[in-house]
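Topology and contacts: notes
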Amino acid sequence: MKNPQALCYNKFRLRTEDFFLSCGRGKYEICVGKQVNFIWKKRKKHEITDESHHFFFIIILVPIVMCALTFYFFVGYKTKSIGEKYGLANATYRTISNNTLLLNAMTAEEYDEVEKTAKSDTSMLEETDYLAILNARLKKKQSFIAVCENGTIIYNGSAELSSEELENELPKYGDPGANSQGGVYFRNEKQWMVKQVDYENVDGKECSAFIVTKTDQIAPQITGMARELAVVTVLILVFTSLGLSLWIYRGVIGPLGQLKKATQNIKDGNLDFTVEPCGVAEINDLCEDFEEMRIRLKETAEEKVEFDKENKELISNISHDLKTPITAVKGYVEGIMDGVANTPEKMDRYIRTIYNKANEMDRLINELTFYSKIDTNRIPYTFSKIHIADYFDDCVEELNLELDAQHVDLTYFNYLEDDPVVIADAEQIKRVINNIVSNSIKYMDKSHKVINIRLRDVGDFVQVEIEDNGKGIATKDLTKIFDRFYRTDASRNSTRGGSGIGLSIVKKILEDHGGKVWATSKEGVGTTMYFVLRKYQEVPVS
């Protein structure tokens, strides 16, 4: 079974963020900023994904649409061209794709003329000059005219077929199959379509006029049109493939080149560059992850540089701060050895000074030891329920004895209405109070030194205020006093000592308690340190 106290403390930690909404708005705004940034990245990612999908569909649909439009306009153009070539008015794809309709339409005008002539003046169909002119027109349409009288060919407009062949192959007078629709075919090496007009001449002889057309003549035109259409389609596909290749290059090869260059920069130790998101969704995700990795590597490198700088500063601080009390101890010990302390009073003063300097070094070493635990997150905590009013009564009583010896007036005000309980480590909270008070005493510049401690109830929290009447802190330094190794005394006055990590320890301990610390100050008047601890509340364990 889980420890109820641990559950209560977890609840206590979770609810601490409520206080940050009111007292720590800056942190809340940072959280909101990160959330907004995440939403913006997610929206941008979706936009890039949608753009990639749209482009993909364009790549697929454009060739289909272009092929369809090409087929429509190209076939229309070729149909018109074939119609004009063969004298077809209002030629359509249906007309040229149906061989019978096309061939019939090609010679319809000449057939009508022959038919009218046969009804009005049959003698014209016996005149060679007229038939030659008519045959010349028909030759342009791969056709010719033949006239038969009593089964004998009297006019043959063909250069390929002999009159004897025509007499054997052409339909007889009165054959109902050869009409204006060209329903009769005959063949030798090629197929021919026959349109027949029967009539009787002035002598009463049975005559027939035939318009004969090659049936295979249109195939080359259709084949040529199909060939040209295939060429155009191939060109469309080629250009589409080029577009797709360019898209792949820009969406994949380009970003990969950018990533390769970024990898080389990281290899060379250069982290001052940016990997821009680009390309298809997956490559864009990779670029964003790579950029995030670069940012983290840069932050780690900067932290390492800062860490090394802090360590060097720490070594310098330790050297300086240990040298001062050691030099003092050494001087007083030499004085004792040389017999300078020749009276009991002087000897007592020398020994007390040596003792105080030893305590100063011990305190410095303790701070450094605790700092090492902070740096590795190994601070030992023992959380328990603490009645805050009783706890501060004891702390103030103990502090009062120490501050009296240093001629500092301590005043304690308890403004709590009830007896709240907090979950905290008593020893570490005491360290917080001692560090703040010690820091206040270091920078007091007035003859009458005063420290006030106040407890206030602020909703779900207990607020502790520690006020001094020291020299105060400049506004530019106020936000930095909780940074490690930061000291407003740049000259490191040896009379004040300290490692510069006391307030950073305070901040770390309070953050681990789910609390917060801040300060207000006015130069020449004094400084007030504030920190809060969440009240303990019973939470039912289900």
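In this text the structure is predicted, and so the values were computed from the model without any measurement. As a convention, each chain's residues are numbered from 1 in the sequence order in which they are written. With pLDDT at 70 or above as the cut-off, local features in this predicted model cover only qualifying residues; side-chain atom pairs require 80 or more to be listed or tallied, and sums for whole chains, interfaces and linings still use all residues. Values reported for side chains reflect all heavy atoms of the structure, with hydrogen atoms and water molecules removed beforehand.

1. Describing the overall build of the protein chain
Labels follow the DSSP assignment, with helices taken as runs of H or I lasting at least four residues and strands as runs of E lasting at least two, numbered in each case from the N terminus. If you tally the helices and strands in the protein chain, you get 14 helices and 12 strands. Relative accessibility decides the category of a residue: with a 1.4 Å probe and only protein chains considered, values under 20% of the type maximum give buried, values over 50% give exposed, and everything between is partly exposed. Taking all 542 residues of the protein chain together, the buried fraction comes to 38%. Pairs at least 24 apart in sequence give 65% of the contacts found in the protein chain among residues at least 6 apart. Accessible surface area values rest on a Shrake-Rupley calculation with a 1.4 Å probe, where residue burial reflects the displayed protein chains alone. For the protein chain, the accessible surface area stands at approximately 31,400 Å², while carbon and sulfur atoms represent 55% of it. We call two residues in contact whenever any of their non-hydrogen atoms come within 4.5 Å of each other.

2. Some points on the confidence of the model for the protein chain
For every residue, the predictor assigns a confidence score, pLDDT, that lies between 0 and 100. Residues at a pLDDT of 70 or more form 79% of the protein chain, whose mean pLDDT is 79. The low-confidence segment residues 1-42 (pLDDT under 50) makes 43 contacts with residues lying over four places distant or belonging to another chain. Confidence drops under a pLDDT of 50 for residues 491-495, and excluding neighbours within four residues, the segment shows 8 contacts in the predicted structure.

3. Considerations on helix α11 (residues 388-405)
Here the expected length of a helix is defined as 1.5 Å per residue gap, with one fewer gap than residues. The end-to-end C-alpha distance of α11 is 26 Å, a good match for the 26 Å that 18 residues give at a rise of 1.5 Å each. All buried positions along α11 are accounted for by Ile388, Ala389, Tyr391, Phe392, Cys395, Val396, Leu399 and Leu403.

4. Brief notes about the environment of lysine 471
Relative to the elements of secondary structure, lysine 471 occurs in the loop between β10 (461-468) and α13 (475-478). Separated by 50 residues in sequence, lysine 471 and serine 521 have C-alpha atoms that sit 9.2 Å apart.

5. As for the sheet that holds strand β12 (residues 526-534)
One bridge is not enough; two strands pair if DSSP finds at least two bridges between them. Overall, mixed pairing links the 5 strands, which are arranged β7-β9-β10-β12-β11 in an open sheet. In this open sheet, the two edge strands, each paired with only one partner strand, are β7 (408-414) and β11 (516-522). Across the sheet, the mean angle separating the axes of adjacent strands is 15° when strand polarity is ignored. Bridge count between strand β9 (residues 449-458) and β10: 8 bridges; the pairing is antiparallel. Angles here are taken between N-to-C directions and fall from 0 to 180 degrees, while the axes themselves are lines fitted to C-alpha atoms, restricted in helices to the stretch in contact.

6. Digging into the environment of threonine 152
Inspection of the secondary structure assignment puts threonine 152 in strand β2 (residues 152-156). In this structure the C-alpha to C-alpha distance between threonine 152 and asparagine 168, which are 16 residues apart in sequence, comes to 9.9 Å. Setting aside anything within four residues of it in sequence, one finds threonine 152 in contact with Val147 and Glu167.

7. What to know about the packing of helix α5 (residues 108-120) against helix α6 (residues 128-139)
Running from N to C, α5 and α6 cross one another at 160°; their axes reach a closest spacing of 10 Å. With respect to each other, α5 and α6 are oriented roughly antiparallel. Here α5 and α6 pass one another in a crossing that is left-handed. The segment α5 lies against α6, with Glu109, Glu110, Glu113, Val114 and Thr117 engaging Tyr130, Leu134, Arg137 and Leu138. Partitioned by chemical class, the residues of the contact of α5 with α6 number 4 nonpolar, 1 polar and 4 charged. Oblique is the label for any angle not covered by the other classes, which are roughly parallel (under 35 degrees), roughly antiparallel (over 145) and roughly perpendicular (65 to 115). A crossing counts as left-handed when the near helix is turned anticlockwise from the far one by less than a right angle, and as right-handed when that turn is clockwise. Here the term charged refers only to Asp, Glu, Lys and Arg, the term nonpolar to Ala, Val, Leu, Ile, Met, Phe, Trp, Tyr, Cys and Pro, and the term polar to all other amino acids, Gly among them.

8. Looking at the packing of aromatic side chains
Aromatic pairing here means that ring centres of Phe, Tyr or Trp (its six-membered ring) are within 6.5 Å. Orientation follows from the plane angle: under 30 degrees is stacked, over 60 is edge-to-face, and everything else is tilted. Scanning the entire structure with this criterion turns up 7 aromatic pairs. Aromatic side chains tyrosine 72 and phenylalanine 73 sit 5.1 Å apart centroid to centroid with 85° between the ring planes, which places their arrangement in the edge-to-face category. Of the two residues, tyrosine 72 and phenylalanine 73, both sit in the exposed class. Centroid distance tyrosine 381 to phenylalanine 383: 5.4 Å. Interplanar angle 25°. Geometry classified as stacked. Given the relative accessible area of 22%, tyrosine 381 is considered partly exposed.

9. Some thoughts on unusual backbone geometry
Backbone geometry places glutamine 142, a non-glycine residue, at a positive phi of 55°. Relative to the elements of secondary structure, glutamine 142 occurs in the loop between α6 and β1 (143-149). Accessibility expressed as a relative area gives 36% for glutamine 142, which makes it partly exposed.

10. Some thoughts on α5
The end-to-end C-alpha distance of α5 is 18 Å, a good match for the 18 Å that 13 residues give at a rise of 1.5 Å each. For α5, every residue scored as buried is listed here: Glu110, Tyr111, Val114, Thr117 and Ala118. For α5, the buried positions fall inside an angular range of 125° around the axis, keeping them on one side. Of the exposed residues in α5, those oriented more than 90 degrees away from the buried face are Glu109, Lys116, Lys119 and Ser120. As used here, the arc belongs to the directions running from the helix axis to the C-beta atoms.

11. Considering the pairing of strand β8 (residues 421-424)
On β8, burial covers both faces: Val421 and Ile423 on one face and Val422 and Ala424 on the other are all buried. Both strand β6 (residues 384-387) and β8 contribute to a ladder of 4 bridges, which runs antiparallel. When the sheet's bridge partners are listed, isoleucine 386 is paired in β8 with valine 422.

12. Some remarks on the nonpolar core
Remark: nonpolar core denotes a set of buried residues (Ala, Val, Leu, Ile, Met, Phe, Trp, Tyr, Cys) joined through side-chain atoms within 4.5 Å. Of all hydrophobic cores here, the largest spans 48 residues; its most connected members are Phe392, Ile433, Ile451, Ile466 and Phe531. By residue number, the principal contributor to this core is α11, which donates 7 residues. Residue contacts for isoleucine 433: discarding those within four places in its chain leaves Tyr391, Phe392, Cys395, Leu399, Ile466 and Phe531.

13. Overview of the side chain of serine 440
Mapped onto the elements, serine 440 comes out in helix α12 (residues 426-442). You can call serine 440 buried: its relative accessible area is 6%. Apart from residues lying up to four places away in sequence, serine 440 is in contact with Ile451 and Asp468.

14. Considering a negative patch on the surface
For patches, a residue must show more than 30% relative accessible area and have no salt bridge; joins then use 9 Å for like charges and 5 Å for nonpolar side chains, namely Val, Leu, Ile, Met, Phe, Trp and Tyr. Here a salt bridge means any side-chain nitrogen of Lys or Arg lying within 4 Å of a carboxyl oxygen belonging to Asp or Glu. When charges are tallied, Lys and Arg are placed among the positive residues and Asp and Glu among the negative ones, while His and the ends of the chain are skipped. Just so you know, the charge point we use is NZ for Lys, CZ for Arg, CG for Asp and CD for Glu. On the surface, Asp390, Asp393, Asp394, Glu397, Glu417, Asp418 and Asp419 cluster together into a negatively charged patch. As for its placement among the helices and strands, aspartate 394 is situated in helix α11.

15. Some thoughts on the pattern of salt bridges
Tallying each qualifying case throughout the model produces 21 salt bridges. The partner of lysine 214 in a salt bridge is glutamate 160, and the shortest N-O contact between them spans 2.6 Å. On the criterion of sequence distance, the pair formed by lysine 214 in strand β5 (residues 206-214) and glutamate 160 in the loop between β2 and α7 (163-169) is long-range, its members being 54 residues apart. For lysine 214, a relative accessible area of 12% gives the class buried. Overall, the relative accessible area of 45% leaves glutamate 160 in the partly exposed class. In this structure, the salt-bridge partner of aspartate 457 is lysine 535, at a minimum N-O distance of 2.6 Å. Residue aspartate 457 is located in strand β9, and its partner lysine 535 is located in the segment after β12; the two are separated by 78 residues in the primary sequence. Among the ionic contacts, a cluster of salt bridges with common partners joins Glu109, Glu110, Glu113, Arg137 and Lys141.

16. Some remarks on the packing of α12 against helix α14 (residues 502-512)
It is at 9 Å that the axes of α12 and α14 come closest, and there the two elements cross at 150°. Put simply, α12 runs roughly antiparallel to α14. Remark: the crossing between α12 and α14 carries left-handed chirality. Between α12, through Gln428, Ile429, Arg431, Val432, Asn435, Ile436 and Asn439, and α14, the contact on the second element is made entirely by Gly502, Leu503, Ile505, Val506, Ile509 and Leu510. For the contact of α12 with α14, a count of residues per class yields 8 nonpolar, 4 polar and 1 charged.

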